[in-house]
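Breakdown of the fold
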Amino acid sequence: MTTSQAMTRPTSRREWLVPAGLLLLAAVPALAGSVRLTELASDPVVTEANARFVTQPLPVVVHIICVTTYSMLGAFQFVPSLRRRRWHRLAGRVLAPAGLGVALTGLWMTAFYDLPAHDNMIVNGARYVVGTAMAVSIVLGVRAALRRDFVNHPAWMMRAYALAMGAGTQAVLLGPATVIAGPLSTTVYATGMVAAWVINVAFAEWLIRRRRTGRSTGGTARRRA
Ligand code: HEM
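Just so it is clear, the model here is predicted, and its values are computed rather than measured. (Residues numbered from 1 in each chain as written. Predicted model: local features only at pLDDT ≥ 70, side-chain atom pairs only at ≥ 80, totals over all residues. Heavy atoms only, no water.)

Considering the confidence of the model for the protein chain
Mean pLDDT for the protein chain: 91, with 90% of residues reaching 70 or above. Averaged pLDDT values over the elements of the protein chain bottom out at 56 in helix α1 (residues 3-14) and peak at 98 in helix α8 (residues 152-164). Note that residues 1-8 has pLDDT below 50 and, in this model, two contacts with residues that lie over four places away or in other chains. Under a pLDDT of 50 for its full length, residues 219-225 has, in the predicted model, nine contacts with residues more than four places off or in other chains. (pLDDT = per-residue confidence, 0-100. Helix = DSSP H or I, 4+ residues; strand = E, 2+ residues; numbered from the N terminus. Contact = heavy atoms within 4.5 Å.)

Observations regarding the nonpolar core
Within the largest apolar cluster, 28 residues are counted, with the highest numbers of intra-cluster contacts made by Tyr-70, Met-134, Ile-138, Tyr-161 and Met-193. Within the residue set of this core, elements represented by two or more residues are α2 (17-41), α4 (57-75), α6 (86-112), α7 (121-146), α8 and α10 (186-216). Ranked by size, the runner-up nonpolar core spans six residues in total, among them Phe-53, Val-60, Ile-64 and Tyr-113. (Core = buried A, V, L, I, M, F, W, Y, C linked by side-chain atoms within 4.5 Å. Buried < 20%, exposed > 50% of the residue type's maximum accessible area, 1.4 Å probe, protein only.)

A look at the packing of aromatic side chains
Aromatic ring pairs are described here by two measures, namely the spacing of the ring centres and the angle between the planes. Under the criterion given, the structure shown has eight aromatic pairs. Ring centres of Phe-76 and Trp-87 lie 6.4 Å apart, and the angle between their planes is 80°; on these two criteria the pair is classed as edge-to-face. Of this pair, Phe-76 sits in the loop between α4 and α5 (80-83) while Trp-87 sits in helix α6, and the two are 11 residues apart along the sequence. The class for Phe-76 is partly exposed, based on a relative accessible area of 26%. You can call Trp-87 partly exposed: its relative accessible area is 33%. Seen in terms of ring centroids, Trp-108 and Phe-112 are 4.7 Å apart; in terms of plane orientation they differ by 50°. Their pairing is tilted. (Phe/Tyr/Trp six-rings, centres within 6.5 Å; stacked < 30°, edge-to-face > 60°.)

Printed below as a string of structure tokens:
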């Protein structure tokens, strides 16, 4: 092994840690989605719990296809070596419409599905904010890329991805809480849901600031107009 190989290999292995973590985070909601798709494909008995999905399956089916594509494929956009290849742009052409699909079907279900027993108006209100912010972030991220503004492009795309991945953080917060404490009250459930989005947005803003500070103190990337 040459010296340069020895120096680059650990870094290239380490760069896969972030996508691996993101894939893990996306796994639980993606699994829940595949369970729902299997149920809907098998002509299910209509119950109080599934009536909204069975009577209007299209939005939830499109939502689940888009969330699985967006959360899984999106994780790979965080690999620095892939970002330098054509892969990043090709994947971006799938991710932008998939991300808009996530946000718009999410908003549609928020507006038109009956509110399930475990949700309340706080969760519903937060979904309007999150869905709208995610769609706007993707549009601004695409616009920045088209303008070759590679400072604002990753910032908006990270915001959109962080908002979407609220679903994963919600699984991490509320899953164990439900296992330990049993069915959660709507207030505790709503607090966990909103806290997950807040945590993700705060983390994304911290990352964006850190990248910007790194760049302004001697980094290489600048606004490439
Ligand atoms: C990558 C991110 C996301 C994932 C992985 C995800 C996952 C899912 C899954 C699996 C379902 C079906 C739930 C079930 O079968 O009981 C669902 C439903 C839903 N999602 Fe998402 N979602 C994501 C993003 C969003 C966003 C951003 C919004 C906000 C507008 C949203 C709003 C909804 C709504 C309103 C429902 C229906 C909830 C119900 O009536 O029980 N989702 N989501």
